[in-house]
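In case you want the letters, here they are:
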Amino acid sequence: MKIDIVSVFPEYFEVMNLSLMGKAQAKGLLEIKAHNLRDWTHDVHHSVDDTPVGGGAGMVMKPEVWSECLDELLGFSRPSAATANTDTETATDAVDTSDPGDPAAPNSSALSGTPVLIFPNPSAPLFTQRDATELSHADHLLFGCGRYEGYDARIPDYYRSQGVDVREYSIGDYVLNGGEVAVSVMLEAITRLMPGFMGNPDSIVEESYTGEGALLEHRQYTKPAVWRGISVPEVLLSGNHGKVDRFRRDEALTRTNEIRPDLIEALDCKALDKADRKTLMALGWEVSATHPRKLDR
Ligand code: ADE
C-alpha cells in the first residue's frame, strides 16, 4: 500500500519508521512518504493559510496550495490557467458534492487501483473499525492534514467532482491542534488489518469492534495466577475451553452493557445464541425483536 501524507509538520511522521509500521515498510508491505505542504507554495513566506471569508477567528488553509500539491500526488495534470483562475460561480456549478464511497456499504474491491483522499476533520463523521477494514484494502491512501481553523471546504468538494474517492473523518468528539495525530491514529488502525502486517493475525479476529456483532473485548490476564493477592478468574485456569469461551463472551456482553450500551442495541438478535440471550436478559435487555432493547429505561 502506498501512503502519502501532506502536512506542514512532515517530521511528525518519522515515528512511522518505528515498531510494526517500520517493519511493514522494511518488508515492502507499506511505502509511507510524508510531504511538506509548504513545498508547493510560491511566496517568500511559504504561506499556506489566509483569513476566513465572512470573518471569524483563526486562519483557513488556502485551496491553491493544496490543489497544486494534491494534483501532483494524484498524478492529475494541472488545470489550464483559464480553469485554475475561473470565477467561483462557474467552478461551484461544476462541483458534484455526492459521496462516491458509501461508508454504509464498504466494498473493498472498489478501492483497489484508485487513490483514496482522506482529510481528518473534527466536524466529519466518526472514523470506525468498519472504515479501517475497508481502507485496509486500498492500494493508495493520500492524507491531507489540516491545521489552524481547517482547510477551505472547496478542496474536498473539488476532488470529489473530479471523481476522486474523498473521505473526511473525525477520530473523536474533541478538537486537536491539527490533523497529524488523527492521521497517525487512522493509519495505525488501517495498516494493522493488512494481510501480513501482524505477526499473529488471529489476535485481530478476537478484538473489540471487529465483525458484525461488535462488542468490547473481554479482559485479559497473564501469569502469575496470583499477583499481589489478586487471583485471575478461576475458570481461566480450568483448561475447559467451552467454559473459558462462555466466561469471556459473558464478560464482553457485561462490559459492553456497562460501557457502550449502544453497541448492544446494534446487535442482531438472530446472531445471539441461547446463552447470550440469557446473559442479556439478566442484564435487563429484551432480546425477542430484531435488536436488543433495554427494559428499565
Ligand atoms: N482535527 C482536529 N481535531 C480532529 C479530530 N477530532 N478528528 C480528526 N481531525 C481533527
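Residues numbered from 1 in each chain as written. Predicted model: local features only at pLDDT ≥ 70, side-chain atom pairs only at ≥ 80, totals over all residues. Heavy atoms only, no water.

## Focus on the confidence of the model for the chain
Item 1. Mean pLDDT over the chain stands at 90; residues scoring 70 or higher make up 88%.
Item 2. Below pLDDT 50 for its whole length, residues 86–105 participates in 21 contacts with residues either more than four positions away or in separate chains. (pLDDT = per-residue confidence, 0-100. Contact = heavy atoms within 4.5 Å.)

## Side note on the pairing of strand 5 (residues 115–120)
Item 1. Counting buried residues along strand 5, 5 of its 6 residues qualify, which places the element largely inside the surrounding structure.
Item 2. Note: strand 5 against strand 6 (residues 140–144), 4 bridges, orientation parallel. Paired with Pro-115 across the two strands is His-140, which belongs to strand 6.
Item 3. Taken together, strand 5, helix 5 (residues 129–135) and strand 6 form a β-α-β motif whose crossover is right-handed. (Buried < 20%, exposed > 50% of the residue type's maximum accessible area, 1.4 Å probe, protein only. Helix = DSSP H or I, 4+ residues; strand = E, 2+ residues; numbered from the N terminus. Pairing = 2+ DSSP bridges. Right-handed = clockwise from strand over helix to strand, strands pointing away.)

## What about a nonpolar patch on the surface?
Item 1. On the surface, Phe-9, Tyr-12, Tyr-174, Leu-176, Val-181 and Val-185 cluster together to form a nonpolar patch covering roughly 500 Å² of accessible area.
Item 2. Summarising the element assignment, Leu-176 is placed in the loop between strand 7 (165–169) and helix 7 (180–191).
Item 3. On the basis of relative accessibility, which here comes to 35%, the residue Leu-176 falls in the partly exposed class. (Patch = residues over 30% accessible without salt bridge, like charges linked within 9 Å, V, L, I, M, F, W, Y side chains within 5 Å. Areas by Shrake-Rupley, 256 points an atom, 1.4 Å probe, with all protein chains shown as cover. Salt bridge = Lys/Arg side-chain N within 4 Å of Asp/Glu carboxyl O.)

## A few points about the nonpolar core
Item 1. Of all hydrophobic cores here, the largest spans 30 residues; its most connected members are Ile-3, Ile-5, Leu-30, Leu-135, Leu-141, Phe-143 and Ile-190.
Item 2. If you tally residues by element for this core, the top one is helix 7, at 5 residues.
Item 3. With sequence-adjacent residues up to four places away left out, Ile-3 is seen in contact with Leu-30, Glu-31, Ile-32, Lys-33, Leu-141, Phe-143, Leu-187 and Thr-191.
Item 4. Among the nonpolar cores identified, the runner-up in size contains 20 residues, and Val-6, Trp-40, Met-61 and Phe-119 belong to it. (Core = buried A, V, L, I, M, F, W, Y, C linked by side-chain atoms within 4.5 Å.)

## Let's talk about the packing of helix 2 (residues 63–74) against helix 6 (residues 154–161)
Item 1. The N-to-C vectors of helix 2 and helix 6 enclose an angle of 35°; their axes lie 10 Å apart at closest approach. The crossing of helix 2 and helix 6 is right-handed. Touching Pro-63, Trp-66, Ser-67, Leu-70, Asp-71 and Leu-74 of helix 2 are Arg-154, Ile-155 and Tyr-159, all from helix 6.
Item 2. Tallied by class, the residues present in the contact of helix 2 with helix 6 amount to 6 nonpolar, 1 polar and 2 charged. (Axes fitted to C-alpha atoms, helices over the stretch in contact; angles between N-to-C directions. Left-handed = near helix turned anticlockwise from the far one by under 90°. Nonpolar A, V, L, I, M, F, W, Y, C, P; charged D, E, K, R; others polar.)

## Considering the site of the ligand
Item 1. In the vicinity of the ligand, the contacting residues are Pro-120, Asn-121, Pro-122, Tyr-169, Ser-170, Ile-171, Gly-172, Tyr-174, Val-175, Leu-176, Gly-178 and Ala-182.
Item 2. Gly-172 is positioned such that a nitrogen or oxygen atom in its backbone is 3.2 Å from a nitrogen atom of the ligand.
Item 3. Between the ligand and Leu-176, the relevant distance is 3.0 Å, taken from a nitrogen atom to a main-chain nitrogen or oxygen of the residue.
Item 4. Across the complex, the protein chains shield 96% of the 260 Å² of accessible surface that the ligand would expose by itself.
Item 5. Its residues assigned to classes, the shell around the ligand shows 8 nonpolar, 4 polar and no charged. (Near = heavy atom within 4 Å. Polar contact = N/O pair within 3.5 Å; in protein donor to acceptor, adjacent residues only side chain to side chain.)

## Some thoughts on unusual backbone geometry
Item 1. Omega for the peptide link from Lys-223 to Pro-224 comes to 5°, which places this bond in the cis form.
Item 2. Mapped onto the elements, Pro-224 comes out in the loop between helix 8 (202–205) and strand 8 (226–227).
Item 3. Despite not being glycine, His-46 shows a phi value in the positive range, around 55°.
Item 4. Relative to the helices and strands, His-46 is located in the loop between strand 2 (31–36) and strand 3 (49–50).
Item 5. Judged by relative accessible area, which is 39%, His-46 ranks as partly exposed.
Item 6. Phi is positive for Arg-228, which is not a glycine, with a value near 50°.
Item 7. Along the chain, Arg-228 falls in the loop between strand 8 and strand 9 (230–231).

## Looking at the environment of Ile-5
Item 1. When you line up the elements, Ile-5 lands in strand 1 (residues 2–7).
Item 2. On the accessibility criterion, Ile-5 (0% relative accessible area) is buried.
Item 3. Measuring from C-alpha to C-alpha, the distance between Ile-5 and Phe-143 comes to 4.7 Å, with 138 residues separating the pair along the chain.
Item 4. Excluding residues within four positions of it along the chain, Ile-5 makes contact with Phe-13, Ile-32, Lys-33, Ala-34, His-35, Phe-143, Cys-145, Val-183 and Leu-187.

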